[in-house]
Amino acid sequence: MTIRSRIAAAFAVASLTLVFAGQSHATVFAAWQVANVPFGDTLNVRKYPSGTSQKQAAYPNGAVLQMTGRCTGGINLLDIANQPAWKQQQTVRYRWCEIWHDPARNGVFVTGWAYGGYIAPF
C-alpha cells in the first residue's frame, strides 16, 4: 500500500468518525407504561393531541411506552421525574404526552400522542 493510499484510507476513516459523532440526538426518552385503561379496552395513540385525531395504534395496560418527554401545557416529563409517581401521574392526568413508537411494527418510528389519564411512570 502506498503512502497516498494510507493517507486516503486514514482520511476516510476520520471523516466517517466525524459524521457519526455529529449525529447526536438531543431527546432522551422516558419510559412510562399504559395504566388505568378499563378491562378489555386499550389506550389509543393519536397522531395529534386530540381525541378526534387519527388513531395510530392501541396499547393494553402494562405496555411500556417511550415518551419523548413533551406534554401539552408545557410540561416536560424529565422535569418532573424526581417527584413521586403519584404526583407525576397527577401532573399529566389531563394532558396529552408525546410518544415515540412503531405503530406498523415495520421499523418505521413516528411520534404520536397518548392521553395522560392512562399512563404512569414505569
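One can find the structure itself at the top, above this paragraph.
Residues numbered from 1 in each chain as written. Predicted model: local features only at pLDDT ≥ 70, side-chain atom pairs only at ≥ 80, totals over all residues. Heavy atoms only, no water.

Enquirer: Explain the overall build of the protein to me, please; I cannot follow it from the model alone.
Expert: Looking only at helices and strands, one finds two helices and eight strands in the protein. Sequence-ordered secondary structure for the protein, helices as α and strands as β, is α-β-β-β-β-β-α-β-β-β. Taking all 122 residues of the protein together, 29% fall into the buried category. Intrachain contacts of the protein at a sequence separation of at least 6 include 61% that bridge at least 24 residues. (Helix = DSSP H or I, 4+ residues; strand = E, 2+ residues; numbered from the N terminus. Buried < 20%, exposed > 50% of the residue type's maximum accessible area, 1.4 Å probe, protein only. Contact = heavy atoms within 4.5 Å.)

Enquirer: What exactly am I supposed to notice about unusual backbone geometry here?
Expert: The bulk of non-glycine residues show a negative phi, and the bulk of peptide bonds are trans. Positive phi values are uncommon outside glycine, yet Asn36 reaches one of about 70 degrees. Counting through the fold element by element, Asn36 comes out in the loop between β1 (30-34) and β2 (43-46). Although it is not a glycine, Arg105 sits at a positive phi angle of roughly 55 degrees. Mapped onto the elements of the fold, Arg105 is located in the loop between β6 (96-101) and β7 (110-115).

Enquirer: Before we go on, may I ask you to explain the pattern of salt bridges in this structure?
Expert: Pairs can form between side chains of opposite charge whenever their charged atoms are close. In total, this model carries one salt bridge according to the counting rule given. Linking Glu98 and Arg70 is a salt bridge whose minimum nitrogen-to-oxygen distance equals 3.2 Å. Here the residue Glu98 occupies a position in strand β6, and Arg70 occupies one in strand β4 (residues 64-71), the gap between them amounting to 28 residues. (Salt bridge = Lys/Arg side-chain N within 4 Å of Asp/Glu carboxyl O.)

Enquirer: Could you clarify how one ought to interpret the state of the cysteines in this entry?
Expert: This model, assessed by the stated rule, comprises one disulfide. With a sulfur-sulfur separation of 2.1 Å, Cys71 is cross-linked through a disulfide to Cys97. Where Cys71 bonds to Cys97 through sulfur, the torsion about that S-S bond is close to 105 degrees, and the disulfide is right-handed. Placement of Cys71 in strand β4 and of Cys97 in strand β6 is noted, with a sequence separation of 26 residues between them. Side by side, Cys71 and Cys97 carry an identical accessibility label, which is buried. (Disulfide = S-S within 2.5 Å.)

Enquirer: Explanation requested: the packing of aromatic side chains in the structure shown.
Expert: Aromatic ring pairs are reported here in terms of the distance separating the ring centres and the angle at which the planes meet. Applying the stated criterion across every chain, the model contains four aromatic pairs. What links up through ring pairs into an aromatic cluster is the set Phe29, Trp100 and Phe109. (Phe/Tyr/Trp six-rings, centres within 6.5 Å; stacked < 30°, edge-to-face > 60°.)

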